[in-house]
Amino acid sequence: MSEKQEMISKMLEMQKKFIEYEHANGVSQEEYFKAPEGHPLASYRQQYNELAIKLVDIAHAEKGSHR
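Residues numbered from 1 in each chain as written. Predicted model: local features only at pLDDT ≥ 70, side-chain atom pairs only at ≥ 80, totals over all residues. Heavy atoms only, no water.

A closer look at the packing of aromatic side chains
In this structure the tally under the stated criterion is 5 aromatic pairs. Seen from their ring centres, Tyr-32 and Phe-33 are 4.9 Å apart, and the 90° between their planes marks the pair as edge-to-face. The structure contains a cluster of three or more aromatic residues connected by ring pairs, namely Phe-18, Tyr-32, Phe-33, Tyr-44 and Tyr-48. (Phe/Tyr/Trp six-rings, centres within 6.5 Å; stacked < 30°, edge-to-face > 60°.)

Here you go:
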């Protein structure tokens, strides 16, 4: 599997876990934006954002474009 496919798979798995958590527990703005250490969402936004940025960079490199 290519690096791009691995990243997409990881992002989809993260989304799935987030949705499951949200359905079971609800998610407040505080939890989403400032979840305390040890909380299931503690680093979710940062990790997801880093993967998304890398994915955009890969897509630009593949097409020879830039942002």
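So much for the structure itself; the text now carries on.
Description of the nonpolar core
Counting 11 residues, the largest nonpolar core consists of Met-7, Met-11, Met-14, Phe-18, Tyr-21, Ala-35, Leu-41, Tyr-44, Leu-51, Leu-55 and Ile-58. Listed by contribution, the elements that provide at least two residues to this core are α1 (3-25) and α3 (44-63). Once residues within four sequence positions are removed from consideration, Tyr-44 is found in contact with Met-14, Gln-15, Phe-18 and Tyr-32. (Core = buried A, V, L, I, M, F, W, Y, C linked by side-chain atoms within 4.5 Å. Buried < 20%, exposed > 50% of the residue type's maximum accessible area, 1.4 Å probe, protein only. Helix = DSSP H or I, 4+ residues; strand = E, 2+ residues; numbered from the N terminus. Contact = heavy atoms within 4.5 Å.)

Re the environment of His-66
Position of His-66 among the secondary structure elements: in the segment after α3. For the pair His-66 and Glu-13, spaced 53 residues apart in the sequence, the C-alpha separation amounts to 28 Å.

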